[in-house]
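Examining the three-dimensional arrangement
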Amino acid sequence: VELDEALISSWAQQEIRYQNEEDRPERKALVALYGEKSLADIIFHSLLSSNKSGKKFYRIRCWELLLRIGERDRLSTLLEGTAIPENYLFLLDLQRAFLELGIMPQNKEEIYWIRELCKPEHSNFWVEAVDALALLDDNRREALEMRDVPIAVTVARHWPELATTSTSTLVRLLETKLKDRQHYFEYEGGGNVSTLSELFKSHKQELTWGDAIAIQVALAAMEVPEVRAHFFDFANRDRLDTTTEFGGVVELDERGRYVIQEFEPQIRNHDRRFDAPQKMFDAAYTSLFHFHFHAQKYRNGNHAGPGMGDKNYADNTRANCLVLTFVNKSTMNVDYYRHGHVVVDLGTMTIN
């Protein structure tokens, strides 16, 4: 019994050495202790009994592991019920998101996202989100993720007609918009040298309603002179700083104005990495995009797109992301990307 938490905690952390869950030594140890049929029960009951100070990360690992081994229905039943103790705030926050937003978090970062939005200072945004998501049909709501919440709020505020526009219609409109744009591609660090990996047509079958709205909002932002001016000014400052990449978040305020928030990196490692600080994540929970630059030089077209580190970041954060890359002094290429290695090149924007 004393080993249970250590074994579960270790197993919950992904290891690239093991391709199959059955090969994990922690799993084998738990099977030896309790038997194959009791595995999920042991982890589930360990989650329920971990409402103690100092077990914040352990609770998250239990949750992630249960999802990984196929226990989503069990977690859904837990969140649908009324048996959660009133002092188990972790589960109560997740229950609130499940019942009011229709979203079950898939990993640690989405859990943090939910728990932040459950704080009193975000109560107005939460009410807006509940009302905005109520405009969506049942099929669309079933596929919602946390990254879709700010998108839905933005739609309700500024384009309520898009809440009922079919995904297929939105995708067709985007395909027309992107058809004749000039594209540049990440050839050196993206893990795939095929230019098809960043083309709209390669991913259009995977795009959700939230993706389609996010891409449309990003394309609209690229046409706003003030947005372009801010991005180019920020990118030029990034080019001059060789200790880090620069980044931040993009949002649309209640008056429909684009807001670009800049953030200092948490750590300055080198010129091809941006370490987002916690303050940026806090701002991003109600924003539309995380963004960063590839601005090491003006002619940087071979790095126009997310690298493998960027794609891993999107997998971990499950956020909507943009990367902006200089292709010459007055032109930047823009890519939209999110988890699952979905990358859509949005073409270029210029400044005089």
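Here's a quick rundown of the structure. No experiment lies behind these values; they were computed from the predicted model shown. (Residues numbered from 1 in each chain as written. Predicted model: local features only at pLDDT ≥ 70, side-chain atom pairs only at ≥ 80, totals over all residues. Heavy atoms only, no water.)

1. As for the side chain of Arg-318
Heads up, the rule is: Secondary structure elements are taken from DSSP: a helix is a run of H or I of four residues or more, a strand is a run of E of two residues or more, and numbering for both begins at the N terminus. Exposure categories follow from relative accessible area, calculated using a 1.4 Å probe and restricted to protein chains: below 20% of the type maximum is buried, above 50% is exposed, and the middle band is partly exposed. Here a polar contact is taken to be a pair of N or O atoms separated by no more than 3.5 Å, where protein atoms must pair a possible hydrogen donor with a possible acceptor and residues adjacent in sequence count only if both atoms sit in side chains. Should any heavy atoms of two residues lie within 4.5 Å, those residues are considered in contact.
Within the fold, Arg-318 resides in the loop between helix H16 (308–317) and strand E4 (321–328). Arg-318 gets classed as buried once you look at its relative accessible area, which sits at 14%. There is a polar contact of 3.4 Å between the side chain of Arg-318 and the side chain of Glu-145. Filtering out sequence-adjacent residues up to four positions away, Arg-318 remains in contact with Gln-106, Asn-107, Glu-110, Trp-113, Glu-145, Arg-147, Tyr-313 and His-339.

2. Section: the environment of Ser-49
The topology assignment puts Ser-49 in the loop between helix H3 (39–48) and helix H4 (56–68). Separated by 10 residues in sequence, Ser-49 and Arg-59 place their C-alpha atoms 9.2 Å apart. In terms of polar contacts, Ser-49 uses its side chain to reach the backbone carbonyl oxygen of Ser-46, at 3.2 Å.

3. Some thoughts on the side chain of Asn-333
Examined against the element boundaries, Asn-333 turns out to sit in strand E5 (residues 331–338). Among the residues examined, Asn-333 registers a relative accessible area of 0% and is labelled buried. A distance of 3.3 Å separates a polar side-chain atom of Asn-333 from the backbone nitrogen of Tyr-184. Within polar-contact distance, the side chain of Asn-333 engages the side chain of Asp-345 at 3.3 Å. Beyond its immediate stretch of four places on either side in the chain, Asn-333 contacts Gln-182, His-183, Tyr-184, Ala-304, Val-323, Leu-324, Thr-325, Val-327, Asp-345, Gly-347 and Thr-348.

4. Focus: helix H1 (residues 4–12)
It helps to recall that an α-helix has 3.6 residues per turn; residues three or four apart then point in one direction. Along H1, the positions that sit buried rather than exposed are Asp-4, Leu-7, Ile-8, Ser-9, Trp-11 and Ala-12. Among the structural elements, helix H2 (25–34), H3 and H4 are those in contact with the buried residues of H1.

5. Overview of the sheet that holds strand E3 (residues 289–294)
As a reminder of what qualifies: Any two strands with at least two DSSP-identified bridges between them are counted as paired. Every axis corresponds to a line fitted to the C-alpha atoms, with the helix fit spanning only the stretch in contact, and the corresponding angles, defined between N-to-C directions, vary from 0 to 180 degrees.
One open sheet accounts for six strands, arranged E2-E1-E3-E4-E5-E6; its pairing is mixed. Across the chains shown, the open sheet's two edge strands, defined by having one partner strand only, are strand E2 (258–263) and strand E6 (342–350). Going from strand to strand, the sheet's axes swing by 25° on average, the running direction of each strand aside. The pairing of strand E1 (residues 247–252) with E2 spans six bridges and is classified as antiparallel. Across the sheet, residue Val-249 finds its bridge partner in E2, namely Gln-261. Contacts between helix H14 (residues 225–240) and the sheet are confined to E1, E2, E3, E4, E5 and E6, with E2 contributing the most and set at about 10° to the helix.

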